[in-house]
Amino acid sequence: MTPPGNSPTHSRGHALKNLVNHLIASLPSSQQGAADDQLGLVYLGTVHDSIPRLLILDQGLRLEERCVWQIMRICITDPARPASLLTQKQLAHHCSVDRKTLRRYLYALRANRWITQCAKIHGRGTIWALHDEPLALPDTLLLDPDYMAFIHECGRSNIKRLREVGTGVLRTLQHHTANGLDYNQPVSTMEQIARRMSALEEVSQPLKLDADSVFSGFFAIGSHSQNSQIRSYREH
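Note that the coordinates shown come from a computational prediction; the quantities given were computed from them, not determined experimentally.

A. Broad picture of the overall build of the protein. A tally of regular secondary structure across the protein gives 10 helices and two strands. In sequence order, the secondary structure elements of the protein are arranged as α-α-α-α-α-β-β-α-α-α-α-α. Out of the 236 residues belonging to the protein, those deemed buried represent 32%. Nonlocal contacts in the protein, meaning residues at least 24 apart in sequence, comprise 52% of its contacts between residues at least 6 apart. Total accessible area computed for the protein in this model is approximately 15,600 Å², and 54% of it derives from carbon and sulfur atoms.

B. Representation of the nonpolar core. Residues Val68, Leu102, Leu109 and Trp114 are the most contacted members of the largest nonpolar core, which totals 19 residues. Elements supplying a minimum of two residues to this core: α2 (53–57), α3 (63–74), α4 (88–95) and α5 (99–111). Once residues lying within four places of it in the same chain are set aside, the contact partners of Leu109 are Leu61, Glu65, Val68, Trp69, Trp114 and Ile115. Within the second largest apolar cluster, 14 residues are counted, among which are Phe150, Ile151, Cys154 and Ala220.

C. Focus on the side chain of Asp58. The topology assignment puts Asp58 in the loop between α2 and α3. The buried charged residue Asp58 lacks any salt bridge, with Arg66 as its nearest oppositely charged partner at 6.4 Å. A polar side-chain atom of Asp58 sits 2.8 Å from a polar atom in the side chain of Trp114.

D. The pairing of strand β2 (residues 125–130), seen in detail. Here strand β1 (residues 115–121) pairs with β2 via six bridges, running antiparallel. By the bridge assignment for β2, Gln117 is matched with Trp128.

E. Spatial organisation of the state of the cysteines. Applying the stated criterion to the full structure yields zero disulfides. Residue Cys67 stays outside any disulfide, its sulfur separated by 8.4 Å from that of Cys95, the closest cysteine.

F. Structural detail: a nonpolar patch on the surface. A contiguous nonpolar surface patch, about 490 Å² in accessible area, is contributed by Leu16, Leu19, Ile24, Leu27, Val42 and Leu44. Among the structural elements, Val42 can be located in the loop between α1 (8–26) and α2. Look at Val42 and you get partly exposed, because its relative accessible area is 33%.

G. Main features of helix α8 (residues 160–178). Spanning 19 residues, α8 covers 27 Å between terminal C-alpha atoms, matching the ideal 27 Å at 1.5 Å per step. One or two residues past the end of α8 sits Gly180, with phi positive at roughly 90 degrees.

H. A look at the pattern of salt bridges. For the structure on display, the rule yields five salt bridges. Close ionic contact of Arg196 with Glu133 constitutes a salt bridge, the shortest N to O distance being 2.8 Å. In this pair, Arg196 is assigned in helix α9 (residues 189–204) and Glu133 in the loop between β2 and α6 (137–143), connecting sequence segments 63 residues apart. In this structure Glu133 comes out as buried when scored by relative accessible area, which is 15%. Taking the shortest distance from any N to any O, the salt bridge between Glu164 and Arg161 comes out at 3.9 Å. Placement of both Glu164 and Arg161 in helix α8 is noted, with a separation of three residues, approximately one turn of the helix.

What counts as what
- Residues numbered from 1 in each chain as written.
- Predicted model: local features only at pLDDT ≥ 70, side-chain atom pairs only at ≥ 80, totals over all residues.
- Heavy atoms only, no water.
- Helix = DSSP H or I, 4+ residues; strand = E, 2+ residues; numbered from the N terminus.
- Buried < 20%, exposed > 50% of the residue type's maximum accessible area, 1.4 Å probe, protein only.
- Contact = heavy atoms within 4.5 Å.
- Areas by Shrake-Rupley, 256 points an atom, 1.4 Å probe, with all protein chains shown as cover.
- Core = buried A, V, L, I, M, F, W, Y, C linked by side-chain atoms within 4.5 Å.
- Lys, Arg positive; Asp, Glu negative; His and termini not counted.
- Salt bridge = Lys/Arg side-chain N within 4 Å of Asp/Glu carboxyl O.
- Polar contact = N/O pair within 3.5 Å; in protein donor to acceptor, adjacent residues only side chain to side chain.
- Pairing = 2+ DSSP bridges.
- Disulfide = S-S within 2.5 Å.
- Patch = residues over 30% accessible without salt bridge, like charges linked within 9 Å, V, L, I, M, F, W, Y side chains within 5 Å.
- Expected span 1.5 Å × (residues − 1).

Quick look at the structure:
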């Protein structure tokens, strides 16, 4: 029989106790006169990250592109300081792809407006902003003035996936403009809520929509363009 002091359970408990002691030692010093009134909090559970439901359900994105957004999000570890510096090589390693493939995924996320290219800074690389839903076009153009030029470039790309994304965004813009949606006007909070709810209805009943439906304008690539992308993806 294994002695109680050497049992696997005891070893795991000892390791946990050492971890807690280490965390306690790393707590900042209390302010003078307030030591007895403070609470030191240590979380020992699994770390959970919330993922936007509409990211998972956005048919304008492929599975790999959705996963890249999620990995980028968990790289931002401190909500009080929502910024992270990492190299393309590091991000590609986290995503288990090479850098060329990673760039293609980033371009697809940029085109679908789940991320925005804010700047290219010498010595710091490209600065990306992540969004919990597709950024409205007027706001995207404010942060990324080259967005439409980028979309047209994607539409002419030799890479099939980027060409699909570029043409899908352009077709969606044309479709919504023809149905009276003005992209030059900023979207109010109530309008965005309405678009979000309509988008949830779109993705929950995709087979009930036809090419003449007026879509919410929530996704960068509307359902009429998404269906053609899905067919193309299945064929290849």
